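These are the residues of each chain, in order.
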Amino acid sequence: MKISYFGHSTFMVEINEKKILFDPFISHNPLAQEARIDANSINADYILISHGHSDHIADAVSIATRTGAKVVANWEIHEWLQKQGVQNTHPMNTGGKWTFEGFTVHCTVAQHSSGLPDGSYGGNPMGFVITSEEGNFYYSGDTALTWDMQLIPMLYPSLDFALMPIGDNFTMNYDHAVIASDFIKCNTIVGLHFDTFGFIVIDHEAAKKAFSDKGKTLFLPKAGMNFSIEKS
Ligand code: NI
Ligand code: MN
């Protein structure tokens, strides 16, 4: 599976030749700006939004409007996007699943908050398990370590990798993410939500060691990086 990382929690995965963009935050994302990534150059077929905070939704309206991508989000964010003029949306909510073109989105519990940038109610935050013939992965969204993660391996096919926040302060830290990786039974983790702002700067070597000490792999992508993770 081909993955592109744009800094913070913004990444794109290609499945079935469809570009699926997660939590677009580029124009005001210091990591994306440092890597000279232009939101206007990003094409997407789908945009998935985990929750309403601006560091996950700031470029969603402009990219959706320009590309016509279908935006998948919870009910309240769907309604808010419609008010911003984004018509191609698909509302979902925690616990539900829907099959799009060659991939299925399962919405999971995230332990966080979700207010929208203008103060509108943003519903509940979510994570996503994506399943497809090309592989399965979990994107937790912004979340604390939570017991609910233990449901994931009971409900969904085995995961090839997972993307989780590790920056602390607003979300779990890397030590918690090691425990989360046990809960979800997945040993290949891509770290997100780190180094963007002063509150979430991490020690890379210590983070990687926390995972390698348990026989797991933590990958810390740089904004602008393209990589692929093979189906295991
Ligand atoms: Ni957040
Ligand atoms: Mn966030």
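No experiment lies behind these values; they were computed from the predicted model shown.

A.B. asks: Can you help me understand the overall build of the protein chain in this one?
C.D. replies: Counting its secondary structure elements, the protein chain contains seven helices and 14 strands. For the protein chain, whose C-alpha radius of gyration is 16 Å, the value lies close to the compact-globule estimate of 17 Å for 232 residues. Overall size of the protein chain, expressed as C-alpha extent along the three principal axes, is 50 × 35 × 35 Å. In the protein chain, buried positions account for 55% of the 232 residues. Residue pairs in contact within the protein chain that sit at least 24 positions apart in sequence constitute 62% of those at least 6 positions apart. Total accessible area on the protein chain stands at roughly 10100 Å², and carbon and sulfur atoms take up 49% of it. Looking at charge distribution, the protein chain has the averaged site of its 15 positive side-chain charges lying 4 Å from that of its 25 negative ones.

A.B. asks: Can you walk me through the coordination of the nickel ion (ligand 1) in this structure?
C.D. replies: The reference angle at a metal is 109.5 degrees if four donors form a tetrahedron and 90 or 180 degrees if six donors form an octahedron. Here the nickel ion (ligand 1) is held by H51 (NE2), H53 (ND1), H112 (NE2) and D142 (OD), and the distances to it run 2.2 to 2.4 Å. For the nickel ion (ligand 1), the four donor atoms in the first shell make angles of 87 to 177° at the metal, so the coordination geometry reads as irregular. All donor residues of the nickel ion (ligand 1) come from one chain, and their arrangement in sequence is H-x1-H-x58-H-x29-D. The two metals, the nickel ion (ligand 1) and the manganese ion (ligand 2), are separated by 3.1 Å and share D142 as a common coordinating residue. Of this pair, H51 sits in the loop between β4 (46–48) and α2 (54–57) while H112 is found in the loop between β8 (104–109) and β9 (126–132), placing the two residues 61 residues apart along the sequence. For H51, a relative accessible area of 0% corresponds to the buried category.

How each quantity is defined
- Residues numbered from 1 in each chain as written.
- Chains lettered and ligands numbered in written order.
- Predicted model: local features only at pLDDT ≥ 70, side-chain atom pairs only at ≥ 80, totals over all residues.
- Heavy atoms only, no water.
- Helix = DSSP H or I, 4+ residues; strand = E, 2+ residues; numbered from the N terminus.
- Rg over C-alpha atoms; globule rule 2.2 N^0.38 Å.
- Buried < 20%, exposed > 50% of the residue type's maximum accessible area, 1.4 Å probe, protein only.
- Contact = heavy atoms within 4.5 Å.
- Areas by Shrake-Rupley, 256 points an atom, 1.4 Å probe, with all protein chains shown as cover.
- Lys, Arg positive; Asp, Glu negative; His and termini not counted.
- Charge placed at Lys NZ, Arg CZ, Asp CG, Glu CD.
- Donors = N, O, S within 2.8 Å, 3.2 Å for Na, K, Ca; no water.
- Tetrahedral: all angles 85-135°; square planar, octahedral: opposite > 155°, others 65-115°.

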